[in-house]
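Each chain, written out:
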Amino acid sequence: MITLREKMWDSITSKTLLYFQKNRTDSKTNRNNGAISAEDFITGLYNILYEKDNPEYIPTKKLKVNYPGIDVLSTKKKQGIQVTVQKDLSKIKNTFTSIPPFSENKDFSEVLFVIQDTDLPNNLKKFAPSYEGYSLKILSAAEIFREIDNADDEQMKKICAYVEGSIVMPEDVISNRNVDAEVFKMLFNSLNLSLRNNSSESNIENEELVYITSPAEKMKKYNDEWTALVQIYKASIGLKDDGSEIERFISYHKYVEEAFSQDLNEVDKSVIQGYLRTKSTILLHANNNDPVNAINQMALQMRNELGLGFVPSSHVLSFLLNMFFKCDVFPLIKI
């Protein structure tokens with residue numbers, strides 16, 4: 001059963017990701033349909049997220065004083081924020097040619113760049129935590145969601161109400177496929193980064209083993225639990241019991257495979273596959289070969305141990321089940 005917090009979390013992530021996606025698309029054609037601006041959205045979100053600090057974030061376009069390069073300002077927190085769809089290093093560095101030198105700036109000492117995308121390229125991830133005297137933070141949707149994930153239940157309610165009231169999109173835009181595309185892109189990149197930062201998790205596979213991809217053999221081996229696993233899979237992607245969304249059920253497995261293949265290179269995929277195979281085998285043994293208990297435990301551990309709490313639990317579970325059907329979770333091994 002999905003908790004209220006999980007329901008709110010799914011709403012926050014799906015709407016925010018689609019909003020950022022739409023802004024990226026619109027920026028390529030210089031379109032602006034008059035909806036809430038990204039600067040206004042981030043202003044309201046951060047005022048709720050850090051309300052205990054009484055930060056008083058304000059869009060600079062509403063101020064009489066000109067702040068080139070800065071879209072949102074909090075003089076109380078000494079932060080200047082730029083909200084952008086661009087994620088190249090030259091864009092970051094060029095901003096510091098617009099703002100005042102650090103020694104002359106009395107309004108802010110830290111610069112935040114909010115990138116409207118699911119993740120950051122490696123050169124931005126590795127960029128120094130300070131530049132030209134200023135403290136520096138570069139945030140994508142993943143980093144923002146990590147901050148929101150630390151909110152208590154009351155804050156989460158306020159954030160959810162704010163997001164749902166601010167981001168209004170046509171039904172054809174808020175489609176399952178669009179949501180899944182953004183969430184899985186974020187999941188794959190975050191999972192890969194977490195594993196690369198944790199060598200004990202990413203290097204536990206025995207390279208001498210030969211893995212078999214055979215759905216028929218997989219179904220035969222887990223015949224007794226197959227129906228239960230399919231039901232968990234259906235529930236994780238929100239399918240109705242009446243079968244009215246069977247098309248989504250049929251295409252979902254294929255879609256995740258495509259997203260997994262397109263968003264990651266071969267080395268990254270190998271790191272994730274090695275983790276899934278070994279971790280799932282260990283948990284299966286620990287749960288007396290019960291795949292239902294083991295896969296639920298694995299979804300929970302992935303979110304907790306790898307810092308993926310900001311990814312909706314339904315997508316983590318559905319991803320694991322897809323990798324189960326593909327044979328990378330509870331793998332078949334050639335003897």
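Here the structure is a predicted model, which is why all the values come from computation and not from measurement.

## Details of the overall build of the protein
The number of helices and strands found in the protein is 14 helices and 8 strands. For the protein, the residues scored as buried account for 50% of the 335 residues in total. Within the protein, counting contacts between residues at least 6 apart in sequence, those at least 24 apart form 72% of the total. Taken as a whole, the protein presents about 16900 Å² of accessible surface, with 49% of it coming from carbon and sulfur.

## Some words on empty space enclosed by the protein
Summed over the entire model, instances satisfying the criterion amount to 1 cavity of 30 Å³ or more. Approximately 70 Å³ is the volume found for the largest cavity. Considering the residues around the largest cavity, the lining is formed by Thr118, Asp119, Leu120, Lys125, Ser140, Ala142, Glu143, Arg146, Asn189, Ser190 and Leu193. Secondary structure elements with two or more residues in the lining of the largest cavity: helix H5 (141-149) and helix H7 (176-196).

## Considerations on the packing of helix H1 (residues 4-27) against helix H6 (residues 153-166)
Interhelical geometry of H1 versus H6 gives an angle of 40 degrees and a closest axis separation of 9 Å. Read as a crossing pair, H1 and H6 show a hand that is left-handed. Of the residues in H6, those touching H1 at Leu4, Arg5, Met8, Trp9, Ser11, Ile12, Lys15 and Thr16 are Asp153, Met156, Lys157, Ile159, Cys160, Val163 and Glu164. Partitioning the contact of H1 with H6 into residue classes produces 8 nonpolar, 2 polar and 5 charged.

## Quick word on the sheet that holds strand E4 (residues 110-115)
Strand order across the open sheet formed by 6 strands is E1-E2-E3-E4-E6-E5, with mixed pairing between neighbours. Every other strand in the sheet has two partners, leaving strand E1 (58-59) and strand E5 (130-131) as the edge strands with one partner each. Inspection of the sheet shows E1 paired to strand E2 (residues 72-74) by 2 bridges, in the antiparallel sense. Directly across from Pro59, in E2, lies its bridge partner Val72.

## A word on the nonpolar core
In terms of nonpolar packing, the biggest core is built from 79 residues, with Tyr46, Ile148, Leu276, Met302 and Phe319 touching the most fellow members. Looking at which domains feed residues into this core, each of domain 1 (4-166) and domain 2 (178-333) supplies at least three. Beyond its immediate sequence surroundings of up to four residues, Ile148 is in contact with Arg5, Trp9, Ile12, Leu45, Leu49, Met156 and Ile159. Counting 17 residues, the second largest nonpolar core, distinct from the first, contains Leu73, Phe96, Leu124 and Tyr134.

## Let's talk about unusual backbone geometry
With glycine set apart, most residues show a phi of negative sign, and most peptide bonds adopt trans. Of note in the backbone geometry, Asn289 takes a positive phi value of approximately 60 degrees without being a glycine. The residue Asn289 is located in the loop between helix H12 (266-286) and helix H13 (291-305) in this model. Look at Asn289 and you get exposed, because its relative accessible area is 52%. A positive phi is found at Phe330, a non-glycine position, where the angle reads about 55 degrees. Its location among the elements puts Phe330 in the loop between helix H14 (313-326) and strand E8 (332-333).

## Observations concerning the pattern of salt bridges
In total, this model carries 18 salt bridges according to the counting rule given. A salt bridge links Lys61 to Asp40, with the shortest nitrogen-to-oxygen separation between them at 3.2 Å. Residue Lys61 is found in the loop between E1 and E2, and its partner Asp40 is found in helix H2 (residues 38-49); the two are separated by 21 residues along the sequence. Looking at Lys61, the relative accessible area reads 54%, which means it is exposed. Assessed through its relative accessible area of 21%, Asp40 is described here as partly exposed. Glu266 is the partner of Lys269 in a salt bridge, and the nearest nitrogen-oxygen pair spans 2.7 Å. In this pair, Lys269 and Glu266 both sit in helix H12, 3 residues apart, roughly one turn of the helix. A relative accessible area of 11% means that Lys269 is categorised as buried. What emerges from the salt-bridge pattern is a single network uniting Arg24, Lys87, Asp117, Asp119, Glu182 and Lys185.

## Notes on the side chain of Ser140
For Ser140, the position within the fold is in the loop between strand E6 (134-139) and H5. In this structure the side chain of Ser140 is engaged in a polar contact, spanning 2.4 Å, whose partner is the side chain of Glu143. With near-sequence residues (within four places) excluded, Ser140 lies in contact with Ile115, Asp117, Thr118, Asp119 and Leu120.

## What to know about the pairing of E6
Relative to E6, E4 runs parallel, the two sharing 5 bridges. Considered in E6, the bridge of Phe113 is made with Ile138. The pairing of E5 with E6 spans 2 bridges and is antiparallel. Each residue of the ladder has a partner; that of Tyr131, found in E6, is Tyr134. As consecutive antiparallel partners, E5 and E6 are separated by 2 residues, and within that stretch Glu132 has a phi angle of approximately 50 degrees, a positive value.

Reading guide: rules and limits
- Residues numbered from 1 in each chain as written.
- Predicted model: local features only at pLDDT ≥ 70, side-chain atom pairs only at ≥ 80, totals over all residues.
- Heavy atoms only, no water.
- Helix = DSSP H or I, 4+ residues; strand = E, 2+ residues; numbered from the N terminus.
- Buried < 20%, exposed > 50% of the residue type's maximum accessible area, 1.4 Å probe, protein only.
- Contact = heavy atoms within 4.5 Å.
- Areas by Shrake-Rupley, 256 points an atom, 1.4 Å probe, with all protein chains shown as cover.
- 1 Å grid on protein atoms, 1.4 Å probe; cavity = no way out; pocket = protein on both sides within 12 Å on 5 of 7 lines; lining within 4 Å.
- Points joined across faces, edges and corners; volume = space filled by probe spheres on them.
- Axes fitted to C-alpha atoms, helices over the stretch in contact; angles between N-to-C directions.
- Left-handed = near helix turned anticlockwise from the far one by under 90°.
- Nonpolar A, V, L, I, M, F, W, Y, C, P; charged D, E, K, R; others polar.
- Pairing = 2+ DSSP bridges.
- Core = buried A, V, L, I, M, F, W, Y, C linked by side-chain atoms within 4.5 Å.
- Domains from an automatic or database assignment.
- Salt bridge = Lys/Arg side-chain N within 4 Å of Asp/Glu carboxyl O.
- Polar contact = N/O pair within 3.5 Å; in protein donor to acceptor, adjacent residues only side chain to side chain.

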